[in-house]
Amino acid sequence: MERVAADKWYAVGHIGDGITAITEPFIQEFYRCNIWHVRGRDRDMLVDSGMGVVSLREWVPLVSERDLIAVASHTHFDHIGCHHEFECRAVHAAEADLLANPTRKNTLADPYVVDEIFDALPPEPYCSKCYAVKKATATRILDDGDIIDLGDRIFEVVHTPGHSPGGIALWEAKTATLFSGDILYDGPLIEDTYHSNAADYFASMERLLRLPARIVHGGHFPSFSGERYRQVISDWLDNKQKSM
Ligand SMILES: [Zn+2]
Ligand SMILES: [Zn+2]
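Keep in mind the model is a prediction, meaning the values are calculated, not measured. (Residues numbered from 1 in each chain as written. Chains lettered and ligands numbered in written order. Predicted model: local features only at pLDDT ≥ 70, side-chain atom pairs only at ≥ 80, totals over all residues. Heavy atoms only, no water.)

Novice: Break down the coordination of the zinc ion (ligand 2) for me, citing the residues and quoting the values.
Specialist: The zinc ion (ligand 2) binds to the protein through D78 (OD), H79 (NE2), D182 (OD) and H220 (NE2); the donor distances cover 2.0 to 2.3 Å. Positions of the donor residues of the zinc ion (ligand 2), expressed as sequence spacing, correspond to D-H-x102-D-x37-H. The zinc ion (ligand 1) is placed at 3.4 Å from the zinc ion (ligand 2), the two being bridged by D182. Here H220 lies in the loop between strand 12 (215–218) and strand 13 (224–225) and D78 lies in helix 3 (residues 77–80), a separation of 142 residues in the sequence. A relative accessible area of 3% means that H220 is categorised as buried. (Donors = N, O, S within 2.8 Å, 3.2 Å for Na, K, Ca; no water. Helix = DSSP H or I, 4+ residues; strand = E, 2+ residues; numbered from the N terminus. Buried < 20%, exposed > 50% of the residue type's maximum accessible area, 1.4 Å probe, protein only.)

Novice: Could you give me a rundown of the sheet that holds strand 7 (residues 140–142), with the residues and numbers involved?
Specialist: Sheet architecture is open: seven strands sit in the order 1-2-3-4-5-6-7, paired in mixed fashion. The sheet is open, and its two edges are formed by strand 1 (11–16) and strand 7, each paired on a single side. Shown here is a sheet whose adjacent strand axes are inclined to one another by a mean of 25 degrees, direction ignored. As judged from the three bridges shared by strand 3 (residues 35–38) and strand 4 (residues 44–47), these two strands associate in the antiparallel manner. In the strand pairing of strand 4, H37 is matched with L46. (Pairing = 2+ DSSP bridges. Axes fitted to C-alpha atoms, helices over the stretch in contact; angles between N-to-C directions.)

Novice: With reference to specific residues and values, describe the coordination of the zinc ion (ligand 1).
Specialist: Protein-derived ligands of the zinc ion (ligand 1) are H74 (NE2), H76 (ND1), H163 (NE2) and D182 (OD), with the metal-ligand distances lying across 2.1 to 2.4 Å. Coordination at the zinc ion (ligand 1) is irregular, judged from the four donor atoms that bind it and the angles of 88 to 173 degrees they form at the metal. Each donor residue of the zinc ion (ligand 1) lies on the same chain, and together they follow the pattern H-x1-H-x86-H-x18-D. (Tetrahedral: all angles 85-135°; square planar, octahedral: opposite > 155°, others 65-115°.)

Novice: So what's going on with the state of the cysteines? Residues and values would help.
Specialist: Taken as a whole and judged by the stated rule, the model has one disulfide. With its sulfur 1.8 Å from that of its partner, C127 forms a disulfide with C130. Measuring handedness by torsion sign, the sulfur bridge of C127 and C130 sits at about 105 degrees and is right-handed. As a non-bridged cysteine, C33 has C82 as the owner of its nearest cysteine sulfur, 10 Å distant. By relative accessible area, which is 1% here, C33 ends up buried. Distance from the sulfur of C88, which forms no disulfide, to the nearest cysteine sulfur (C82) is 16 Å. For C88, a relative accessible area of 19% corresponds to the buried category. (Disulfide = S-S within 2.5 Å.)

Remember, this is a structural readout, not a statement about activity or role.
Okay, structure coming up:
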């Protein structure tokens, strides 16, 4: 398979309101994580950091311009690969051990990472069989209700276990903006990983339904409206209730 040069690996799209979407377009859509950059007055926030197969700091200058907190929505390989490049790293308590001691198994690199998830491979020396996430011990442990303060923007941590035990969403009440991670996006959801939990998933969805979100930026797939958000959650809850 063809390889992509490091300078072509990331795509950067400014989507307004100080938010930038950074993606890895040569990873197939289903496996491609959204990396969100939020500009704050005093510091910036990064929500997730991609697979880590190309340096984010080196190739996306935006993330190294200012003081920045790198938050992990959760610790699957596609979301935390570049966390080790940042000085300030935050994760929910339930996945702090995972961020500090990632393995191919516990990050789901095994079984997901194979050449077939790419349309073109990352630059040398990348190899799917040797791929592993680097350790990035958290410098801040998050819990439900904690605040990430960027100076002029405030994000509340909403613990949303289910997809994984330490999954979080980040809620900005002022703009009704939600970064939802992998618990909810506009595409096929994953509810059956080794540390998924069906009862937690259901409770998280019920809780999310009560948030008056206007715009939602998920862990995968394009962003969507609050209307779509409520529809996707309601449909999901209806389906579960029918099969219960
Ligand atoms: Zn995930
Ligand atoms: Zn993911």
